[in-house]
Amino acid sequence: MKIIALASRNPVKAQAALNGFHRMFPDQQFTLQMATVESGVRSQPLSSNETLSGACNRARAALQALPQADFGVGIEGGVEPHGAELSAFAWVVVLSTAGIEGKGRTGTFFLPPAVAELIQQGKELGEADDIVFAQQNSKQKNGAIGILTGNVIDRTALYEPAVILALLPFKNPELYF
């Protein structure tokens, strides 16, 4: 059984990570362990590069926190300005103890102006969502994407394909290394 060290205690991220590993490697068994680690970036990353850096830092820190693990997974949500608008997305980084690294990014969607304004005032996306949409702890549930799509796509469904994309080098090592 392979151990996945997830750099989060968020159940949405845990489900997305497990789903992605199971879909890419259906003949293997995985168990997930969670660790609370720092991202090394702002609590609300404000660019794609900063968000990717946070995901990399979290994946490394997860492997350090749980040295028995085979993989470290960092999932970092971020936002990025596009003129007057603000887009939201997440980066996923998977690291192995053998030094293999894979990266994948979720789809991108644009936030309503009221949410974007709160983020520009210093709030995290989850906190801004809770204020604008009168929710509680939405980042551990369906998140902005779930709220905005009426749960057609929730956070797990948004993150899972990015986990799969981050696993491409593990599925095809002969093509990447």
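Calculation criteria
Residues numbered from 1 in each chain as written. Predicted model: local features only at pLDDT ≥ 70, side-chain atom pairs only at ≥ 80, totals over all residues. Heavy atoms only, no water. Salt bridge = Lys/Arg side-chain N within 4 Å of Asp/Glu carboxyl O. Buried < 20%, exposed > 50% of the residue type's maximum accessible area, 1.4 Å probe, protein only. Helix = DSSP H or I, 4+ residues; strand = E, 2+ residues; numbered from the N terminus. Contact = heavy atoms within 4.5 Å. Phe/Tyr/Trp six-rings, centres within 6.5 Å; stacked < 30°, edge-to-face > 60°. Lys NZ or Arg CZ within 6 Å of the ring centre and 35° of its normal.

(A) Highlighting the pattern of salt bridges. A full pass over the atoms with the stated rule returns six salt bridges. In this structure, Arg-42 engages Glu-50 in a salt bridge whose closest nitrogen and oxygen atoms are separated by 2.8 Å. The class for Glu-50 is buried, based on a relative accessible area of 13%. Between Arg-58 and Glu-76 there is a salt bridge, with its nearest N and O atoms 2.4 Å apart.

(B) Expanded view of unusual backbone geometry. One non-glycine residue, Ala-134, lies in the positive phi region at around 50°. Ala-134 sits in the exposed class, given a relative accessible area of 70%. With a phi angle near 65°, Asn-151 is a residue other than glycine that sits in the positive phi range. Under the relative-accessibility criterion, Asn-151 is labelled partly exposed at 46%.

(C) Examining the environment of Gln-140 more closely. Tracing the chain through its elements places Gln-140 in the loop between α4 (125–133) and α5 (143–149). When the C-alpha atoms of Gln-140 and Ala-16 are compared, they prove to be 12 Å apart, with 124 residues separating the residues in sequence. With residues up to four places along the chain from it excluded, the contact list for Gln-140 reads Asn-10, Pro-11, Val-12 and Arg-155.

(D) Highlighting the packing of aromatic side chains. Per the stated rule, a full pass over the model turns up five aromatic pairs. Between Phe-71 and Phe-170 the ring centres are 5.6 Å apart and the planes differ by 80°, which places this aromatic pair in the edge-to-face class. A residue pair is termed long-range when its members are at least 10 positions apart, and Phe-71 in strand β3 (residues 71–82) and Phe-170 in helix α7 (residues 168–171) qualify at 99 residues. On the basis of relative accessible area, Phe-71 is assigned to the buried category, the value being 9%. Taken together through their ring pairs, the aromatic side chains of Phe-21, Phe-25, Phe-30, Phe-71 and Phe-170 make up a single cluster. Positioned above the aromatic ring of Phe-89, the side-chain terminus of Arg-105 is 3.8 Å from the ring centre.

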